Amino acid sequence: MALFKKALTMIAKNLEVAYPDGTIALSGVNIEIPEGKFYGLLGMNGSGKTTLLKALAGLFPKYRGSIQVESREIRDYPARELYQRLGMVFHDPNLQLLSSTVFEEVALGPNNLGLNPEEVKERAWRSLADVDMEALAEKGIQRISYGQKKRICVAGMLTMGQRILLLDEPTEGLDPKGEKKIMGLLMKLNKEKGITILMATHHVELAAQYCDSVCLLHKGKVETEGRPEDVFSNAPLMESLGLRVPFTFNIHGAASPQLS
Ligand SMILES: Nc1ncnc2c1ncn2[C@@H]1O[C@H](COP(=O)(O)OP(=O)(O)O)[C@@H](O)[C@H]1O
Ligand SMILES: [Mg+2]
């Protein structure tokens, strides 16, 4: 038994989020994410993964229930303070990148904080080193690959010393090499720097390989939560939620895994 219980970085209690057209995308969601976890949010399309990430990132100020980041309700945070604690990497990097060069992009956050130019440079180089992209600093942002764009989005999120990263489908659109690269990077940030990672994905094999804990969402509610090996070996549940049982855990005679 662990002597110290890790602090809870993010908590949602009885969370309800509705879109302006009245769609209730999340209802009665309870989730607790301990500091330093690599946490996976899984569920089929439309289950509420993106909405939950955005809600945790403070993008739905009219939520009902409670969302706490480091023990403080997010609606009570001044925006700048919240974004010094967490960063969200959206699904499509093309919608997130704003600058003309790689270096300018990673310098953007520290510049906006009004730091002196030396400090801005130092932070920008440090975050480029973190994602192993120093060599591309002067390159035009539209001239780097899709996978590199995703890594630059992560770098941009590290420049303010954020300790929590929220990522929406970080491997979507990547080839196996790009996928390995970004997952290796997230793993390194998690294990070496202790950054808490919350990743939405519908890629169960990936979650089985990298996550410490997973949560299954279905129709805007949490179905179950736990260690990947426990959650994913419940084949009937996985199948009822439209998720494939990862090959590694398909040991109890569940339907044969389909290769995709
Ligand atoms: N902008 C929007 N307006 C109305 N409904 C939306 C909007 N975006 C998502 N939804 C709905 O919210 C629910 C959850 O969607 P989402 O969080 O995008 O799921 P996921 O990321 O798991 O695919 C779905 O029913 C979806 O149709
Ligand atoms: Mg989504």
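Everything discussed here concerns the structure shown above.
Analysis parameters
- Residues numbered from 1 in each chain as written.
- Chains lettered and ligands numbered in written order.
- Predicted model: local features only at pLDDT ≥ 70, side-chain atom pairs only at ≥ 80, totals over all residues.
- Heavy atoms only, no water.
- Helix = DSSP H or I, 4+ residues; strand = E, 2+ residues; numbered from the N terminus.
- Rg over C-alpha atoms; globule rule 2.2 N^0.38 Å.
- Buried < 20%, exposed > 50% of the residue type's maximum accessible area, 1.4 Å probe, protein only.
- Areas by Shrake-Rupley, 256 points an atom, 1.4 Å probe, with all protein chains shown as cover.
- Near = heavy atom within 4 Å.
- Polar contact = N/O pair within 3.5 Å; in protein donor to acceptor, adjacent residues only side chain to side chain.
- Salt bridge = Lys/Arg side-chain N within 4 Å of Asp/Glu carboxyl O.
- Pairing = 2+ DSSP bridges.
- Axes fitted to C-alpha atoms, helices over the stretch in contact; angles between N-to-C directions.
- Contact = heavy atoms within 4.5 Å.

Caption draft 1: The arrangement of the overall build of the protein in detail. A count of helices and strands for the protein gives nine helices and 10 strands. Its C-alpha radius of gyration of 19 Å places the protein within 12% of the 18 Å reference for a compact globule of 260 residues. The dimensions of the protein, computed from C-alpha atoms along their principal axes, are 60 × 45 × 40 Å. A total of 260 residues make up the protein; the buried ones form 49% of that total. Summing over all exposed atoms, the protein offers an accessible surface of approximately 13000 Å²; the carbon and sulfur share of this is 52%.

Caption draft 2: Summary view of the site of ligand 1. For ligand 1, the full set of nearby residues is Tyr-19, Asp-21, Thr-23, Ala-25, Met-44, Asn-45, Gly-46, Ser-47, Gly-48, Lys-49, Thr-50 and Thr-51. At a separation of 2.7 Å, an oxygen atom of ligand 1 approaches a polar backbone atom of Gly-46. With respect to ligand 1, the side chain of Thr-50 contributes an N or O atom lying 2.8 Å from an oxygen atom. When ligand 1 is considered free in solution it has 560 Å² of accessible area, and contact with the protein chains removes 62% of it. When residues in the shell around ligand 1 are grouped by element, the largest group, three residues, is from helix H1 (residues 49-56).

Caption draft 3: The arrangement of the pattern of salt bridges in detail. Counted according to the given criterion, the structure contains nine salt bridges. With its nearest N and O atoms 2.9 Å apart, the salt bridge here joins Arg-85 to Glu-70. Of this pair, Arg-85 sits in helix H2 (residues 79-85) while Glu-70 is found in the loop between strand S4 (64-69) and strand S5 (72-73), placing the two residues 15 residues apart along the sequence. Between Glu-205 and Arg-244 there is a salt bridge whose closest N-O contact spans 3.5 Å. One end of the pair, Glu-205, is in helix H7 (residues 204-210); the other, Arg-244, is in the segment after helix H9 (235-240), and 39 residues separate them in sequence.

Caption draft 4: Summary view of the sheet that holds strand S10 (residues 221-226). Reading across from one edge, S6-S7-S8-S3-S9-S10 is the order of the six strands in this open sheet, with mixed pairing throughout. Pairing within the sheet leaves two strands with one partner each, and these edge strands are strand S6 (86-89) and S10. In this sheet, neighbouring strand axes are inclined to one another by 15° on average, regardless of whether the strands run parallel or antiparallel. The sheet contact formed by S6 and strand S7 (residues 164-168) spans four bridges and is parallel. Of the residues in S7, the one forming a bridge with Met-88 is Leu-166. Across the sheet, helix H5 (residues 146-158) touches S6 and S7, and the angle it forms with S6 is around 165°.

Caption draft 5: Spatial organisation of unusual backbone geometry. Residues other than glycine seldom take positive phi values, yet Asn-14 does so here, at roughly 50°. By the element assignment, Asn-14 lies in strand S1 (residues 8-18). Residues other than glycine seldom take positive phi values, yet Glu-169 does so here, at roughly 45°. Looking at the element boundaries, Glu-169 is found in the loop between S7 and helix H6 (176-193).

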